[in-house]
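# Structural overview
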Amino acid sequence: RLCSMVEQVYREYQRQLWDPALGGDGQAPVGCSKAGGHGEWHFHRFGNLGVMMMDLKEQRMWEPSGGVPAVEQPIVSSEQWACLNEVLTKVSGLDHLVICSEYPFIDDSIEDAQYKAALPSHEHLGHRWPAHGSELRKLTHALFAWKAKSPDRQVSLVAGGVGYALNSTLTHVTRGQISQIVSGPLTEKSDRFWSECKGDLDNDIVYDHEAPKTLVETQNLSLVRFARRDGIVTCSDICVTSADLSKDEDGDGMADGPLLQLLGLTPQVTDGLKRPDW
C-alpha cells in the first residue's frame, strides 16, 4: 500500500514533468516506462544527444516476499532492458548517449562487491551494479557495441549516491573507451573511496578509477557539460567542492566562487554597490 501511494505521488509531480498525459494517451515515449507499470525510467533526446535515466528502485520496492537476497534478484527488470534495447537499436542520429544511474556503475570490482553484499553490514550493496556482475557486463557490452557502429559515437555514464566523487574510464580491447562521472555528496557526509583503482569486468573490458583525495574526502558536486565541437557532441565535467561554493575571491564578503561564476550568478555592481543578481 505504501509503495502504491509513493508511486502515485511521484507520477503526479515528477513524471508529469516529462509525461504530461501520465500515460493517458496510451503511448509510452520511446525508451520510457509505462505509466501503469511499477518502474520509472525514461529517455530524452536533445538534438544528437540522448539521455537515459535508469531506475534501480523498481526491483527493490516491488521485490517479491520471501527474503530472497538482493544479489539473487535482477537489478533491472526485463521491461527496462527492453526499453534500453529500443534506444540502442531504434533511435537514429545520436552521437552521444548518456546513461544515468542513482549509484555508480563501477566502483568495487564484481568479486569484491559480491563478497561485501553477502555480509550483513554491507547487504545494501546488493542493490548496486557491481554486485550484479552479469547485468553489468550485459549493459557495458551493449553500450560498447552501440558505440562501435560509428566512429563519432560516444557514451558517458553519470551517477551519484555515494560519499565521494569519482572519474573512471572503461576500456574495451577493440571498441575504445567509455567515461564514468560520479558526483559526490553536496550536503551529506562525505566518505573515502576504499575500492581498488584498477580492475576488469571480463577479458574484454578493464576499468581505471581516478579519485584525487581533494575530491573524494570533501563534499562536492560535478557539473557536467555537453557541447558540440566539429560536429561531435563532447562531454566534460568540473568537480566543485563545498568550500568553492562560499569562496570569496575578491575579499568583499560576498560569495563569488567558481560554481557561481559557471552558473552566471556572480554578484553584479549596481549604483556602486555589489549585489547578487539572483
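Above this text is the structure in question.
Remember, it's a predicted structure, so these values are computed and weren't measured experimentally.

## A look at the overall build of the protein
If you tally the helices and strands in the protein, you get eight helices and 12 strands. Considering the protein as a whole, with its 278 residues, one finds that 40% of them fall into the buried category. Here the protein has roughly 14900 Å² of accessible surface; of this, 52% comes from carbon and sulfur atoms.

## Some words on the environment of V155
With respect to the helices and strands, the residue V155 is situated in strand β4 (residues 154–159). As a C-alpha pair, V155 and L97 span 58 residues in sequence and 4.9 Å in three-dimensional space. In this structure, V155 is in contact with H96, L97, L143, W146, K147, I178 and S179, ignoring residues within four places of it in sequence.

## Description of the nonpolar core
Among the nonpolar cores identified, the biggest contains 33 residues, and M52, L97, I99, W129 and L143 are the most heavily contacted of them. Elements supplying a minimum of two residues to this core: α3 (78–90), β3 (96–101), α5 (133–148), β4 and β8 (205–210).

## Digging into α3
The first and last C-alpha atoms of α3 sit 18 Å apart over 13 residues, in line with the 18 Å expected at 1.5 Å per residue. If you check which residues of α3 are buried, you get Q80, W81, C83, L84, V87 and L88. Projected down its long axis, α3 carries its buried residues within an arc of 160°, all on one side. Projecting away from the buried face of α3 at angles above 90 degrees are the exposed residues S78 and K90.

## Quick word on α5
Compared with the 22 Å implied by 1.5 Å per residue over 16 residues, the 22 Å span of α5 between its first and last C-alpha is a close match. All of the buried residues in α5 are G133, E135, L136, L139, T140, L143, F144, W146 and K147.

## Considerations on the pattern of salt bridges
In a structure, side chains of opposite charge can pair up when their charged atoms sit close to one another. Enumeration over the complete set of coordinates arrives at four salt bridges. Among the salt bridges present, the one from D95 reaches R228, with a minimum N-O distance of 3.8 Å. With D95 in the loop between α3 and β3 and R228 in strand β9 (residues 220–229), the pair connects residues that are 133 residues apart, well separated along the chain. Note that D108 and K116 form a salt bridge whose closest N and O atoms lie 3.0 Å from each other. Residue class for D108 comes out buried when judged on its relative accessible area of 9%. Its relative accessible area of 25% is what places K116 among the partly exposed residues.

## Comments concerning the pairing of strand β1 (residues 42–46)
Alignment of β1 against strand β2 (residues 49–53), held across five bridges, turns out to be antiparallel. In the strand pairing of β2, F46 is matched with L49.

## Comments concerning the packing of helix α4 (residues 110–117) against α5
Look at α4 against α5: their axes get within 10 Å of each other, and the N-to-C directions meet at 145°. Considering how the two elements wind past one another, α4 and α5 form a crossing that is right-handed. Across from I110, E111 and Q114 in α4, the residues of α5 making contact are G133, L136 and R137. Within the contact of α4 with α5, the residues separate by chemical class into two nonpolar, two polar and two charged.

## Structural notes on the packing of α3 against α5
At a closest axis distance of 11 Å, the pairing of α3 and α5 adopts a crossing angle of 15°. Considered as vectors, α3 and α5 are oriented roughly parallel to each other. Two packed elements cross with a definite hand, and for α3 against α5 that hand is right-handed. Touching W81, L84 and L88 of α3 are E135, K138, L139, A142, L143 and W146, all from α5. For the contact of α3 with α5, the residue count by class is seven nonpolar, no polar and two charged.

Parameters and conventions
Residues numbered from 1 in each chain as written. Predicted model: local features only at pLDDT ≥ 70, side-chain atom pairs only at ≥ 80, totals over all residues. Heavy atoms only, no water. Helix = DSSP H or I, 4+ residues; strand = E, 2+ residues; numbered from the N terminus. Buried < 20%, exposed > 50% of the residue type's maximum accessible area, 1.4 Å probe, protein only. Areas by Shrake-Rupley, 256 points an atom, 1.4 Å probe, with all protein chains shown as cover. Contact = heavy atoms within 4.5 Å. Core = buried A, V, L, I, M, F, W, Y, C linked by side-chain atoms within 4.5 Å. Expected span 1.5 Å × (residues − 1). Arc of directions from axis to C-beta. Salt bridge = Lys/Arg side-chain N within 4 Å of Asp/Glu carboxyl O. Pairing = 2+ DSSP bridges. Axes fitted to C-alpha atoms, helices over the stretch in contact; angles between N-to-C directions. Left-handed = near helix turned anticlockwise from the far one by under 90°. Nonpolar A, V, L, I, M, F, W, Y, C, P; charged D, E, K, R; others polar. Parallel < 35°, antiparallel > 145°, perpendicular 65-115°, else oblique.

Everything listed is a geometric property; what it means functionally is a separate question.
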